[in-house]
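Okay, here's what each chain looks like letter by letter:
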Amino acid sequence: QVQLVESGGGLVQAGDSLRLSCAASGRAFSMGWFRQAPGKEREFVAAINWNARNTYYADSVKGRFDISRDNAKNTVYLQINSLKPEDAAVYYCAAGGAIVPGTTANAYDYWGQGTQVTVSS
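Computed from a predicted model, the values in this text were never measured in an experiment.

1. Notes on the side chain of R69
Then comes step 1: Relative to the helices and strands, R69 is located in strand 7 (residues 65-70).
Then comes step 2: Side-chain polar atoms of R69 contact the backbone oxygen of F29, separated by 3.0 Å.
Then comes step 3: A polar contact of 2.9 Å, which involves the side chain of R69, links it to the backbone oxygen of N49.
Then comes step 4: Other than its neighbours up to four places away in sequence, R69 contacts R27, A28, F29, S30, M31, I48, N49, W50, A52, T75 and V76.

2. Details of unusual backbone geometry
Then comes step 1: Here N74, not a glycine, exhibits a phi torsion of approximately 50 degrees, which is positive.
Then comes step 2: Among the secondary structure elements, N74 is positioned in the loop between strand 7 and strand 8 (75-80).
Then comes step 3: A relative accessible area of 23% places N74 in the partly exposed class.

3. Quick look at the state of the cysteines
Then comes step 1: Scanning all chains against the criterion turns up one disulfide.
Then comes step 2: Note that C22 is cross-linked by a disulfide to C93, the S-S spacing being 2.1 Å. Negative torsions about the S-S bond denote left-handed disulfides, and the value of about -80 degrees found for C22 with C93 makes this one left-handed. In this pair, C22 sits in strand 3 (residues 18-24) while C93 sits in strand 9 (residues 89-96), placing the two residues 71 residues apart along the sequence.

4. Quick look at the packing of aromatic side chains
Pairs of aromatic rings are described using the distance from one ring centre to the other and the angle between the two planes.
Then comes step 1: Under the counting rule described, the total for this entry stands at four aromatic pairs.
Then comes step 2: Summarising the aromatic geometry, the rings of F34 and F44 are spaced 5.6 Å apart at their centres and angled 75 degrees between planes, so their arrangement reads as edge-to-face. On the criterion of sequence distance, the pair formed by F34 in strand 4 (residues 30-36) and F44 in strand 5 (residues 43-48) is long-range, its members being ten residues apart. Side by side, F34 and F44 carry an identical accessibility label, which is buried.
Then comes step 3: Ring pairs connect the aromatic residues F34, F44, Y108 and W111, which therefore count as one cluster.
Then comes step 4: Above the ring of Y92, the side-chain terminus of R42 is found at 3.7 Å from the ring centroid.
Then comes step 5: Cation over ring: R42 sits above W111, and NZ or CZ is 4.9 Å from the ring centre.

Conventions we followed
- Residues numbered from 1 in each chain as written.
- Predicted model: local features only at pLDDT ≥ 70, side-chain atom pairs only at ≥ 80, totals over all residues.
- Heavy atoms only, no water.
- Helix = DSSP H or I, 4+ residues; strand = E, 2+ residues; numbered from the N terminus.
- Polar contact = N/O pair within 3.5 Å; in protein donor to acceptor, adjacent residues only side chain to side chain.
- Contact = heavy atoms within 4.5 Å.
- Buried < 20%, exposed > 50% of the residue type's maximum accessible area, 1.4 Å probe, protein only.
- Disulfide = S-S within 2.5 Å.
- Phe/Tyr/Trp six-rings, centres within 6.5 Å; stacked < 30°, edge-to-face > 60°.
- Lys NZ or Arg CZ within 6 Å of the ring centre and 35° of its normal.

These figures come from the coordinates and say nothing about function on their own.
Structure representation (structure tokens):
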């Protein structure tokens, strides 16, 4: 059982940057970030494998989002740059045992409670 706790969300202006953190209670091979906006389905944002050598991004965030991890701290980060109003959502951290991170929610076994990101234009 891995418990995940996200932090770093908040109210920001369009164009600002934000860094989300996810602290895990244990090690997980795959770590990912998903987001869910009101009235929309949860969508994949980014993922990273166990040694951080491989990262994966949704097309909509490539070039603006950066996922990283610190295995010594069991923490994964999501740096969000040039925030847009459409980035507003609850951001969820996910962890799984797959060697190759998945881009669908069912690829992950554990989920955090989410952290709200609100973007004002």
